[in-house]
2 protein chains.
Amino acid sequence: MDEHTAKAFDADLKDISGKIKAMAELIEQQITGASEVLVSGDTVLARQIIAADMQADALQREIEEKAVITIARRQPVAVDLREIVGALRIANDLERIGDLTQNVAKRAMLSTEEFRGTNGVTLRLQHMAQLVLGQLQAVIESYEGRDVEAAVEVWRKDQEVDALHNSLFRELLTYMMENARNITFCTHMLFCAKNIERMGDHATNIAETVYYMVKGTSLPGERPKADVTSLGTLPPI
Amino acid sequence: MDEHTAKAFDADLKDISGKIKAMAELIEQQITGASEVLVSGDTVLARQIIAADMQADALQREIEEKAVITIARRQPVAVDLREIVGALRIANDLERIGDLTQNVAKRAMLSTEEFRGTNGVTLRLQHMAQLVLGQLQAVIESYEGRDVEAAVEVWRKDQEVDALHNSLFRELLTYMMENARNITFCTHMLFCAKNIERMGDHATNIAETVYYMVKGTSLPGERPKADVTSLGTLPPI
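Residues numbered from 1 in each chain as written. Chains lettered and ligands numbered in written order. Predicted model: local features only at pLDDT ≥ 70, side-chain atom pairs only at ≥ 80, totals over all residues. Heavy atoms only, no water.

Regarding the state of the cysteines
Here is step 1 of the chain: Going through the model one piece at a time under the given rule, you end up with 0 disulfides over all chains.
Here is step 2 of the chain: Of the cysteine sulfurs around A:Cys192, a residue in no disulfide, the closest is that of A:Cys186, at 11 Å. (Disulfide = S-S within 2.5 Å.)

So, the relation of the copies chain A and chain B
Here is step 1 of the chain: Between the two copies, chain A and chain B, the superposition gives an RMSD of 0.0 Å; the rotation angle is 180 degrees and the shift along the axis is 0.0 Å. Interpreted geometrically, this transformation is the action of a two-fold axis. In terms of C-alpha distance to the rotation axis, chain A has A:Ala72 as its closest residue, with the C-alpha 2.3 Å off the axis.
Here is step 2 of the chain: Taken together, the interface assignments show that 100% of the residues at the interface of chain A recur at the interface of chain B, consistent with an identical surface on both copies. (Least-squares fit on C-alpha atoms with pLDDT ≥ 70 in both. Contact = heavy atoms within 4.5 Å.)

Let's talk about the packing of helix H2 (residues 43-74) of chain A against helix H3 (residues 78-108) of chain B
Here is step 1 of the chain: Taken N-terminus to C-terminus, the directions of H2(A) and H3(B) make an angle of 125 degrees; their axes are 12 Å apart at the nearest point. By the angle between their directions, the pair H2(A) and H3(B) is classed as oblique. When the axes of H2(A) and H3(B) are compared, the crossing they make is right-handed. Where H2(A) approaches H3(B), its residues A:Arg61, A:Glu64 and A:Val68 are matched on the opposing element by B:Leu81, B:Val85 and B:Arg89. (Axes fitted to C-alpha atoms, helices over the stretch in contact; angles between N-to-C directions. Helix = DSSP H or I, 4+ residues; strand = E, 2+ residues; numbered from the N terminus. Parallel < 35°, antiparallel > 145°, perpendicular 65-115°, else oblique. Left-handed = near helix turned anticlockwise from the far one by under 90°.)

Notes on the side chain of B:Glu83
Here is step 1 of the chain: Relative to the assigned elements, B:Glu83 resides in helix H3.
Here is step 2 of the chain: The residues contacting B:Glu83, other than those within four sequence positions of it, are B:Leu13, B:Arg146 and B:Met213.

Digging into the pattern of salt bridges
Here is step 1 of the chain: A complete count under the given rule lists 24 salt bridges over all chains for this structure.
Here is step 2 of the chain: A:Glu197 is paired through a salt bridge with A:Lys194; the nearest N and O atoms lie 3.0 Å apart. Taken together, the residues span about one helical turn, with A:Glu197 and A:Lys194 both in helix H7 (residues 183-215) at a distance of 3 residues. Side by side, A:Glu197 and A:Lys194 carry an identical accessibility label, which is buried.
Here is step 3 of the chain: A salt bridge links B:Asp15 to B:Lys19, with the shortest nitrogen-to-oxygen separation between them at 3.7 Å. Placement of both B:Asp15 and B:Lys19 in helix H1 (residues 3-40) is noted, with a separation of 4 residues, approximately one turn of the helix.
Here is step 4 of the chain: We classify B:Asp15 as partly exposed; its relative accessible area is 29%. (Salt bridge = Lys/Arg side-chain N within 4 Å of Asp/Glu carboxyl O. Buried < 20%, exposed > 50% of the residue type's maximum accessible area, 1.4 Å probe, protein only.)

Dropping the structure here:
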């Protein structure tokens with residue numbers, strides 16, 4: 001890249017990073033909102049969250065367009081190219097977290113007051129969502145600082161989210177077995193728990209992307225995996 | 001594009017289309033395999049499906065790399081650029097379908113023989129998976145022929161998958177309420193049904209991508225949506 005192209009590329013990159021930051025802030029609000037709906041059942045807030053998902057989709061498209069134009073115009077290589085591809089991947093993960101918050105909001109607005117208070121399940125789901133929110137904030141910070149160590153830390157901590165999910169999963173099954181009247185509510189909560197666990201997986205994906213952007217290689221070693229609910233009592237394979 | 005670049009671009013595009021085709025074939029096999037495990041509980045086949053997901057991930061990365069290099073080298077615009085961006089999006093949707101088949105295989109291998117035959121639930125799940133497989137094959141064909149009408153047809157038919165999912169969802173809840181011993185099995189089947197329904201959504205996404213590639217605009221009108229399970233008795237919003 002000549003000096004002119006390098007300067008223009010830096011400006012493009014700043015623009016893309018700015019859009020990622022804006023998108024992350026929107027998604028963080030969506031997680032906070034959805035976790036509030038879990039506890040309150042607030043249908044007005046739920047509908048706001050559902051509507052705001054369109055903004056996240058639009059931001060992802062904008063990032064994609066800007067990234068593609070930048071690749072074509074500046075023909076970046078090595079770390080510069082990884083910056084752009086990384087932004088594409090991060091926007092994709094953020095959009096998927098957005099979809100999941102929307103689904104949590106939809107299911108949470110259905111939970112009737114009678115069940116919402118039962119056994120503190122929704123409070124524990126909210127706690128899990130807050131943990132995931134912290135993970136997302138930390139990984140976006142690691143993206144902004146191109147901080148590999150902080151990214152690896154987020155990657156490792158996903159096990160805590162998985163552990164919470166496993167324990168909630170088993171607990172919800174117990175409530176369903178105890179009383180058939182709990183089944184519909186607990187089924188929605190099972191899906192909410194799974195959705196929140198998957199938000200954590202996407203934060204972990206972003207951590208892997210930050211590592212790749214900076215280092216140019218994949219994160220070494222197996223992804224730590226503590227979610228065994230889809231494998232019942234079998235060890236993860 | 002000059003004549004030389006145009007020829008080189010055509011070769012790049014052919015390469016990318018070929019990789020998409022190969023990836024789609026792999027994913028189609030994965031769906032067939034997972035739907036067999038649902039009915040048979042075959043753990044050997046299940047483990048093969050789980051292992052093969054790595055191949056799908058590798059193919060997606062290959063397509064991504066090739067697409068990015070092509071954008072940088074050939075600087076395509078208009079329909080040529082949409083071809084490349086479209087391939088990126090399709091590879092992403094195929095990879096997500098792959099993840100979902102893997103999850104279905106994991107859950108299906110847990111279903112004990114006692115429950116597998118119950119009420120024909122697994123057969124109906126298999127039927128739903130076959131419907132989705134047909135949708136995927138049709139949309140990949142529409143991609144190969146750049147056939148917008150065929151793509152729109154797939155997009156419309158997703159309602160059938162959603163309708164099957166809704167009916168299975170309600171049925172599974174009933175079995176859970178009838179007998180607490182069904183709960184663990186039915187919970188896994190609820191997630192399998194949801195996963196298969198989401199595979200259908202990704203086929204629909206691919207239909208939208210084919211439309212965008214050819215026409216350069218988004219598919220007009222609301223996406224037909226018949227899945228109301230996450231909204232309980234509320235109308236879809």
